[in-house]
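Fold and geometry: a report
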Amino acid sequence: MSSAVLYLAIVAVWAIVLVPMWLRRDTEKQDEFEEEHTEPEPRRTRAPSRARVIARRRRRTAGLTALLATAATVAAFGVAPWWVAAPPAVLLVGHLALLRVAVGMDAARRESAARARAAAARRAAQTVPEPAAEPAEIIELPTPEEVFDQYADDRRAVGE
C-alpha cells in the first residue's frame, strides 16, 4: 500500500478538525486580549437551538456517509484492503442508532408537551368565569368660571 493514502488522510484530518480548532482558539485569545482592561462578562451557557442541533446531525451524517463512500471506493479499486471500510461503516451505523434514540426522545418530549397543553386547556375550561364588573359611576365635576392665573396683574404675593 502506498504511503500517499496515509499522507492524504493526515492532511484531511488536519484540514477538517485541527484548523477550525486553532482558529476558534485564536479568536478566543483575541477576545481575552481586547477585554484585558474591562471586567470579563460571565459566560452564559444556553442550550443550542433545535435548528442547530438538527443541522449538526445532518452534517455529521453526511460526513460519515462521505467517509464510508470514500473508504469503500478506495477498497474497491484495490488501493487499500477491504477492512478499511469497516470502521466508517461501524461509525455510521452507530450514529444512525443514536439518531433513532434521539427521534424517540423528541417524540416523547413533543407528546409530553401536548399532554401538558391539553391539561392546561382543560383546567382553563373548568374554571368558573368571574362575574362582570359593575359599570363605574360617572361624576360630573363643576367647572369654575374663572381659571386661576398666577401671573395675572391683580394677584399679589403676601407682603407685597
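Scroll up to find the structure this text is about.
About the thresholds
Residues numbered from 1 in each chain as written. Predicted model: local features only at pLDDT ≥ 70, side-chain atom pairs only at ≥ 80, totals over all residues. Heavy atoms only, no water. 1 Å grid on protein atoms, 1.4 Å probe; cavity = no way out; pocket = protein on both sides within 12 Å on 5 of 7 lines; lining within 4 Å. Points joined across faces, edges and corners; volume = space filled by probe spheres on them. Helix = DSSP H or I, 4+ residues; strand = E, 2+ residues; numbered from the N terminus. Nonpolar A, V, L, I, M, F, W, Y, C, P; charged D, E, K, R; others polar. Axes fitted to C-alpha atoms, helices over the stretch in contact; angles between N-to-C directions. Parallel < 35°, antiparallel > 145°, perpendicular 65-115°, else oblique. Left-handed = near helix turned anticlockwise from the far one by under 90°. Contact = heavy atoms within 4.5 Å.

1. A look at the layout of surface pockets
Size it by volume and the largest pocket reaches roughly 760 Å³. If you go around the largest pocket, you meet 23 residues; those closest to its centre are A9, A12, V13, L67 and T70. At the level of secondary structure, the elements contributing two or more residues to the lining of the largest pocket comprise α1 (3-34) and α2 (50-76). The greatest single-element share of the lining of the largest pocket, amounting to nine residues, is contributed by α1. Broken down by class, the residue content of the lining of the largest pocket amounts to 19 nonpolar, four polar and no charged.

2. Section: the packing of α2 against helix α3 (residues 86-126)
At a closest axis distance of 9 Å, the pairing of α2 and α3 adopts a crossing angle of 160°. In this view, α2 runs roughly antiparallel relative to α3, as classed from their interaxial angle. As α2 runs across α3, the sense of the crossing is left-handed. Contacts from R50, R57, R60, T61, L64, T65, L67, L68 and A71 in α2 reach P88, A89, L91, L92, H95, L99, A102, D106 and R110 in α3. A class-by-class count of the residues in the contact of α2 with α3 yields ten nonpolar, three polar and five charged.

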